[in-house]
Every structure is written in C-alpha cells, then in structure tokens.
Amino acid sequence: MLRLIVAIASLCLCSLAGAQITTLADVKAKNGVQLSAEELKQLLPGAKVVSRTQAGSTRTWTNGADGTFVASTDGRGFSGKTSYATAQGTWRVADNGRLCVTIKWNVAQDDWCRVMFKVGDKYYGVGRLDDNAPASEFEISK
C-alpha cells in the first residue's frame, strides 16, 4: 500500500513539474527573467526561432541580419485543421525591449510585439506585463 501511495505521489509531482506555462504568472513562478533590448539584439540576429501559439500552431523561421525571414507554419489551431503555409516576415527589437514580428500569411497577417522572458532553455513572450497575460512559447537557437 505504501508503494502505491509513493507511486501516485511521484506521478503527481512529475505532472506538476512538466506543467505547461500559459501565463506571465506561470513564467514568474518558474523564475523567468525578462530580457532587455540589448540582450535581444545580441540573441536574435541569425537565430532560428520556433514559436508555439496558445492555439497550438507551430511556426518556424530564421532571423536574417537585415530584419527579414521566411516563416512556415503547420497552421494547427486555425479553423480546426492543419494547414501548412509559408510567408515573408520581418522582425525587429523595439527601443522598449519588445520583439516585434510581422508575418504576411495568405489569409491573415500576424503583427505583434512581445516582452520576452527566459526560463531555462525556453523563451516566452507576452503582449503585456499582466500576470494573466497569455505566454507563448519560443525556442531560440543559433
């Protein structure tokens, strides 16, 4: 019986440890560190970016030094089906330290700026500094 209780407790702890970050409050709870404009300007040129939206879509691109890229998406979470697409985009780091991205998809345009946080080897972007703000996951590598 004791083994069963320990096994259940371990399973619960593992589930909590792997819990998905969904809000700025979650990022803060994991000791997320806000990145400055200077840190983003060092990190982002030439970086491969994988962006995961709250709706479940995965988008990838590589930041050109000139502020441009070509993005691709699996389109999950958009109108209930997977629809692969590619599109031209631009990126920049605003003076206030936000990563700003525009992607001109055929059916819609992404145009957003995010305050970026680092948690371990993952990055999270939020549109506003409010604990309830949704946090989108990013992988950034060179």
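Calculation criteria
- Along each chain, numbering runs from 1 in the same order as the chain's sequence is written.
- Only residues with pLDDT of at least 70 get local features here, since the model is predicted, and only at 80 or more are side-chain atom pairs given and counted; chain-wide, interface and lining totals rely on the full set of residues.
- Note that the side-chain values use all heavy atoms of the structure and ignore hydrogens as well as water.
- Under the DSSP-based scheme used, a helix requires at least four consecutive residues in state H or I and a strand at least two consecutive residues in state E, with every element numbered from the N terminus.
- Type-normalised accessible area, obtained with a 1.4 Å probe on protein chains alone, sets the label of each residue: buried when under 20%, exposed when over 50%, and partly exposed for intermediate values.
- Whether two residues are in contact is decided by their heavy atoms: any pair within 4.5 Å suffices.
- Here the Shrake-Rupley method, with its probe set to 1.4 Å, supplies the accessible areas, and only the displayed protein chains count as covering residues.
- What pLDDT reports is the predictor's confidence in each residue, on a scale of 0 through 100.
- Only buried residues count toward a nonpolar core. Its members are Ala, Val, Leu, Ile, Met, Phe, Trp, Tyr and Cys residues joined through side-chain atoms within 4.5 Å.
- Pairing between two strands is assigned when DSSP locates at least 2 bridges connecting them.
- Salt bridge, as used here: a side-chain nitrogen of Lys or Arg that lies within 4 Å of a carboxyl oxygen of Asp or Glu.
- Only the six-membered ring of Trp is used, alongside the rings of Phe and Tyr, when aromatic pairs are assigned; centres must lie within 6.5 Å, and planes under 30 degrees apart are stacked while those over 60 apart are edge-to-face, with the rest tilted.

Looking now at the overall build of the protein. A tally of helices and strands in the protein yields three helices and nine strands. In the protein, the succession of α and β elements from N to C terminus is α-α-β-α-β-β-β-β-β-β-β-β. Sorting the 142 residues of the protein into buried and exposed places 37% on the buried side. For the protein, the proportion of contacts with a sequence separation of at least 24, taken over those separated by at least 6, is 41%. Carbon and sulfur atoms make up 54% of the accessible area of the protein, which amounts to about 8,500 Å² in all.

Of the residues in the protein, 82% have a pLDDT of 70 or more, and the chain-wide mean is 85. Of the regions scoring below 50 in pLDDT, residues 1-19 engages in two contacts with residues more than four places distant in sequence or in other chains.

Ranked by internal contacts, the top residues of the largest apolar core, which has 22 residues, are L44, W61, V101, I103, M116 and I140. Among the secondary structure elements, those contributing two or more residues to this core are α3 (37-43), β4 (68-73), β5 (85-93), β6 (98-104), β7 (109-119) and β9 (135-141). In contact with M116, other than residues within four places in its own chain, are V33, Q34, L35, L40, L99, Y123, Y124, G125, F138 and I140. The next biggest cluster of nonpolar side chains, apart from the first, holds 10 residues, and it includes I21, V115, Y124 and A133.

Here the focus is unusual backbone geometry. It is generally the case that most residues other than glycine have a negative phi and that most peptide bonds are trans. Here the phi dihedral of N31 falls at roughly 65 degrees; this positive angle occurs in a residue that is not glycine. As for its placement among the helices and strands, N31 is situated in the loop between α2 (24-29) and β1 (33-34). Since its relative accessible area comes to 64%, N31 is described here as exposed.

Turning our eyes to something else, we now look at the pairing of β4. The alternating pattern of β4 places F69, A71 and T73 on a buried face, while none of T68, V70 and S72, on the opposite face, is buried. The pairing of strand β3 (residues 58-62) with β4 spans two bridges and is antiparallel. Following the sheet pairing, T60 is matched in β4 by S72. In this antiparallel pair of consecutive strands, β3 and β4, the connection spans five residues, and G67 shows a positive phi of 90 degrees. Examined bridge by bridge, β4 and β5 share six bridges and lie antiparallel to one another. Across the sheet, V70 pairs through a bridge with Q88, a residue of β5.

Quick look at the pattern of salt bridges now. Applying the stated rule across the entire model yields eight salt bridges. Residues K28 and D131 are paired through a salt bridge, measuring 2.7 Å at the closest nitrogen-oxygen approach. With K28 in helix α2 and D131 in the loop between β8 (122-126) and β9, the pair connects residues that are 103 residues apart, well separated along the chain. On the basis of relative accessibility, which here comes to 44%, the residue K28 falls in the partly exposed class. Taken together, the shared-partner salt bridges connect R52, K122, E137 and E139 into one network.

With that out of the way, let us pick up the packing of aromatic side chains. Going through the model one piece at a time under the given rule, you end up with two aromatic pairs. With centroids separated by 4.7 Å and ring planes inclined at 15 degrees, the aromatic side chains of W61 and F69 adopt a geometry described as stacked. For the pair formed by W61 and F69, the shared burial category is buried.

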